[in-house]
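Residue strings, one per chain:
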Amino acid sequence: MLNPKIKDIEMREVILVLGACGQIGTELTQELREIYGHNNVVASDIREGNDEFINAGPFEILDATDRDSILEVIQKYNITQVYLMAAMLSATAEKLPQKAWELNMNSLLVILELAREKHIKQVYWPSSIAVFGATSPKVDTPQQTVMEPSTVYGISKVSGEHWCNYYHERFGVDVRSLRYPGIISWKTKPGGGTTDYAVDIYFKAIEEGKYECFLKEDTKLPMMYMNDAVKATIQLMQVDAEKINVRTSYNLAAMSFTPKEITEEIQKHIPDFTISYEPDFRQQIADSWPQIIDDNKAREDWNWKHKFDLASMTKEMLKNIQAKMMCL
Ligand code: SER
């Protein structure tokens, strides 16, 4: 997937992925193993994932907030980089605000401290479009603008971004971050997010030919296919430090669409597919987020380019889900 010309120094990285069994963690770990070698990427999660994934390289059960156990694993494998992918997403976090804050914040502070103490050299931490709120511009949302999030998930991400910047400025920690839009994938489903409908809709289109959507038909949100998200993440981690001018988190974008537009795209392949709308509490979360993100800073600083749009992603999603079902 990536440019194979990776510098020697990067080949010497030994990587720990926390939250490796989650939606992004799964595919990120697989891609990192392809690039850096299976034994140089330690997957970890709070519980075991599927056998195929675990047997493909080292795996450790780890709680992302447990400093001592993480340090033990770092020392056991001589880890140089940590990708901290464990987090509670927006919809679940609204049900468990305290727990969300504890997981999303404490895990980051543990890793930033380990980096400050020089146990690791580099940290990746994902932020989100949820850092923006009702007072941010909804269209072409700039890199720097008003950020007054209304969700606990967004509050934890804004705070986390400032902690990343602080650790970089004050202690020289090499921490890098992206504000992901909704991420769409077929290998592992997301859980507890507001953008999850855009994954479920493909599965339901194939399994049942119909879908009940928890957002209104005209709710436009920024989205991205998983392949692009993984590509951006690894590219950001590989780029020379001088190219990185944003140490809070970079805006990142590929496409924006509404439930109605994704439905019409699916109907080009499955003409009988139908959708109904039953908005719930997630509508309010979606309404507080931007519709279209301006990611020019990422494009200028480290040459970010997305590949997939709604049409090409829809083809890939339907093809891969169908193939997956034939194997079951
Ligand atoms: N996909 C996330 C969510 O819906 C946003 O970052 O919570």
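Before reading further, recall that the structure is shown in the block above.
Right, let's walk through the structure included here. Values in this document were obtained by computation on a predicted structure and should not be read as measured data.

1. Thoughts on helix 9 (residues 226–238)
Then step 1. Taking 1.5 Å of rise per residue, 13 residues should cover 18 Å, and helix 9 covers 18 Å from first to last C-alpha, within 8% of that figure.
Then step 2. In terms of residue burial, helix 9 counts as a mostly covered element, since 11 of its 13 residues are buried.
Then step 3. Looking at helix 9, one finds that the buried residues are Met 226, Asp 228, Ala 229, Val 230, Lys 231, Ala 232, Thr 233, Ile 234, Leu 236, Met 237 and Gln 238.

2. Overview of the site of the ligand
Then step 1. In the vicinity of the ligand, the contacting residues are Leu 89, Ser 90, Ser 128, Tyr 153, Gly 193, Thr 194, Thr 195 and Trp 289.
Then step 2. At a separation of 2.8 Å, a nitrogen atom of the ligand approaches a polar side-chain atom of Thr 195.
Then step 3. Look at the ligand: alone it shows 240 Å² of surface, and the protein chains cover 94% of it.
Then step 4. Residues of the shell around the ligand, tallied by class, amount to three nonpolar, five polar and no charged.

3. Quick notes on the packing of aromatic side chains
Then step 1. A full pass over the atoms with the stated rule returns 11 aromatic pairs.
Then step 2. Judged by centre distance (6.3 Å) and plane angle (50°), the ring pair of Tyr 124 and Tyr 180 falls under tilted. Of the two residues, Tyr 124 is situated in strand 5 (residues 122–128) and Tyr 180 in strand 6 (residues 174–180); the sequence distance between them amounts to 56 residues.
Then step 3. A ring pair is formed by Tyr 225 and Phe 308, whose centres lie 4.7 Å apart and whose planes are at 65°; its orientation type is edge-to-face. In this pair, Tyr 225 sits in strand 9 (residues 221–225) while Phe 308 sits in the loop between helix 12 (296–302) and helix 13 (310–327), placing the two residues 83 residues apart along the sequence.
Then step 4. Judged by its relative accessible area of 1%, Tyr 225 falls in the buried class.
Then step 5. Since its relative accessible area comes to 9%, Phe 308 is described here as buried.
Then step 6. Members of the aromatic cluster, joined through ring pairs, are Trp 163, Tyr 166, Tyr 167 and Phe 171.

4. Some words on the sheet that holds strand 9
Then step 1. The mixed open sheet is built from three strands, whose spatial order is 7-9-11. At either margin of the open sheet sits one strand with a lone partner, and together these are strand 7 (182–184) and strand 11 (255–257). Neighbour to neighbour, the strand axes of the sheet diverge by 45° on average, direction disregarded.
Then step 2. Pairing geometry for strand 7 and strand 9, over three bridges, is parallel. Within strand 9, the residue paired with Gly 182 across the bridge is Met 223.

5. Details of the packing of helix 4 (residues 67–77) against helix 6 (residues 97–116)
Then step 1. Viewed as axis vectors pointing N to C, helix 4 and helix 6 meet at an angle of 45°, and their least axial separation amounts to 10 Å. The angle between the axes of helix 4 and helix 6 places the two elements in the oblique class. Relative to helix 6, helix 4 is oriented so that their crossing is right-handed. The residues of helix 6 that touch helix 4, namely those facing Arg 67, Ile 70, Leu 71 and Ile 74, are Val 110, Ile 111, Glu 113 and Leu 114.
Then step 2. Across the contact of helix 4 with helix 6, the residue classes break down as six nonpolar, no polar and two charged.

6. A closer look at the environment of Ala 91
Then step 1. Mapped onto the elements, Ala 91 comes out in helix 5 (residues 90–95).
Then step 2. Among the residues examined, Ala 91 registers a relative accessible area of 5% and is labelled buried.
Then step 3. Taking the C-alpha atoms as reference points, Ala 91 and Pro 142, 51 residues apart in sequence, are found 25 Å from one another.
Then step 4. Here Ala 91 is in contact with Gly 192, Gly 193, Thr 194, Phe 281, Arg 282 and Ile 285, once residues within four sequence places are set aside.

Cut-offs and rules
- Residues numbered from 1 in each chain as written.
- Predicted model: local features only at pLDDT ≥ 70, side-chain atom pairs only at ≥ 80, totals over all residues.
- Heavy atoms only, no water.
- Helix = DSSP H or I, 4+ residues; strand = E, 2+ residues; numbered from the N terminus.
- Expected span 1.5 Å × (residues − 1).
- Buried < 20%, exposed > 50% of the residue type's maximum accessible area, 1.4 Å probe, protein only.
- Near = heavy atom within 4 Å.
- Polar contact = N/O pair within 3.5 Å; in protein donor to acceptor, adjacent residues only side chain to side chain.
- Areas by Shrake-Rupley, 256 points an atom, 1.4 Å probe, with all protein chains shown as cover.
- Nonpolar A, V, L, I, M, F, W, Y, C, P; charged D, E, K, R; others polar.
- Phe/Tyr/Trp six-rings, centres within 6.5 Å; stacked < 30°, edge-to-face > 60°.
- Pairing = 2+ DSSP bridges.
- Axes fitted to C-alpha atoms, helices over the stretch in contact; angles between N-to-C directions.
- Parallel < 35°, antiparallel > 145°, perpendicular 65-115°, else oblique.
- Left-handed = near helix turned anticlockwise from the far one by under 90°.
- Contact = heavy atoms within 4.5 Å.

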